[in-house]
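Fold and geometry: a report
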Amino acid sequence: MANTYIKIKEKEIPVMIRNYRHTNLIKMYFKGNVLNISKSKYLSKKRMLEIIKQNEEQIYEQYLKIISKENDKMKHWYTGEEISYKGEDFCIQIEYVAKKRLKIILDEENKRFIIEIPEILKDEDNKAIIDKYVKRFLCIKTKEYLENRLPYWSQKMKTEYYECKVGDATSKYGSCIPSKKALHFSNRLIMLPEDKIDAIIVHELSHMTYANHSDKFYQLIQQYIPNYFEIDKWLKKNVKRVMI
């Protein structure tokens, strides 16, 4: 997560700063839409800002390109767009109805993702409200899926957990706090194929045994998901499938 922002022209650009003792260099690069800065812990804030100022035109242009690409990946919510559900493409269908609340209907048989929008909102820009309802819908469906699948893997791996939460994380599919035996998953999990969901569940449960990403950690995962590295490559390559 970014820990500060810098303003260049009209844009507030999120920045992640990492300080290192054994370096005299400063490196600036984008990871997603976040400007990452790696610098010496002895480099003053004033000097860092001077360096940013010297490179702000280049930073600004890079940021605009990244934002433009991200917007292209985002859903705009019109009939004919597709959304992934359990790894399959569902056709989005917008319907305006005489109701007061927005509603989402999943037609699994015909692979339709129906969004019913109140007629009074027909001429409005509804992206923000649709985003909100879709995220809530995915959260519910992810929780339902995990209620069945997580206990299965917990029992199979003989690994206990005390808590499982689903949120709107976008940077990772899951995380684990071993000391609390707590698991956190992204609501976008339900958008993935089921074998990919299994791999993520096993990955996080394995952190109950190994908190790091050591060889032993990956060996444990591969006891249950032999093709884990192949799945991991697929997940990295198909990030845009779970963009909203």
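The structure this text deals with has already been given above.
Just so we're clear, the structure is a prediction, and the values are computed from it rather than from any experiment. (Residues numbered from 1 in each chain as written. Predicted model: local features only at pLDDT ≥ 70, side-chain atom pairs only at ≥ 80, totals over all residues. Heavy atoms only, no water.)

All right, on to the sheet that holds strand S2 (residues 11-20) then. Strand order in the open sheet made by the four strands is S1-S2-S4-S3, with mixed pairing throughout. Of all strands in the sheet, those with a lone pairing partner are strand S1 (4-8) and strand S3 (27-31), marking the two edges. Neighbour to neighbour, the strand axes of the sheet diverge by 35 degrees on average, direction disregarded. Both S3 and strand S4 (residues 34-40) contribute to a ladder of five bridges, which runs antiparallel. Bridging across to S4, Met28 finds its partner in Ile37. Along the sheet, helix H1 (residues 45-54) makes contact with S1, S2, S3 and S4, crossing S4 at roughly 130 degrees. (Pairing = 2+ DSSP bridges. Helix = DSSP H or I, 4+ residues; strand = E, 2+ residues; numbered from the N terminus. Axes fitted to C-alpha atoms, helices over the stretch in contact; angles between N-to-C directions. Contact = heavy atoms within 4.5 Å.)

Turning to the sheet that holds strand S6 (residues 88-97), a few remarks are in order. Strand order in the open sheet formed by four strands is S5-S6-S8-S7, and the pairing between neighbours is mixed. Of all strands in the sheet, those bounded by a partner on one side alone are strand S5 (82-85) and strand S7 (103-107). Each neighbouring strand pair of the sheet contributes to a mean axis angle of 35 degrees, computed without reference to strand direction. Direction of pairing for S7 relative to strand S8 (residues 112-118): antiparallel, over a ladder of five bridges. The residue of S8 that forms the bridge with Asp107 is Arg112.

A separate point is unusual backbone geometry. Of note, Lys111 is a non-glycine position whose phi angle comes to about 55 degrees, a positive value. With respect to the element layout, Lys111 can be found in the loop between S7 and S8. For Lys181, which is not a glycine, the phi torsion comes out positive at approximately 50 degrees. Its place among the elements puts Lys181 in the loop between strand S10 (174-177) and strand S11 (182-186). For Lys181, a relative accessible area of 25% corresponds to the partly exposed category. (Buried < 20%, exposed > 50% of the residue type's maximum accessible area, 1.4 Å probe, protein only.)

In this structure, Lys165 sits in strand S9 (residues 163-167). In the structure, Lys165 is positioned ten residues away from Ser175 in sequence and 10.0 Å away in space, judged by C-alpha atoms. Ignoring any residue separated from it by four or fewer positions in sequence, one finds Lys165 in contact with Leu183, His184 and Phe185.

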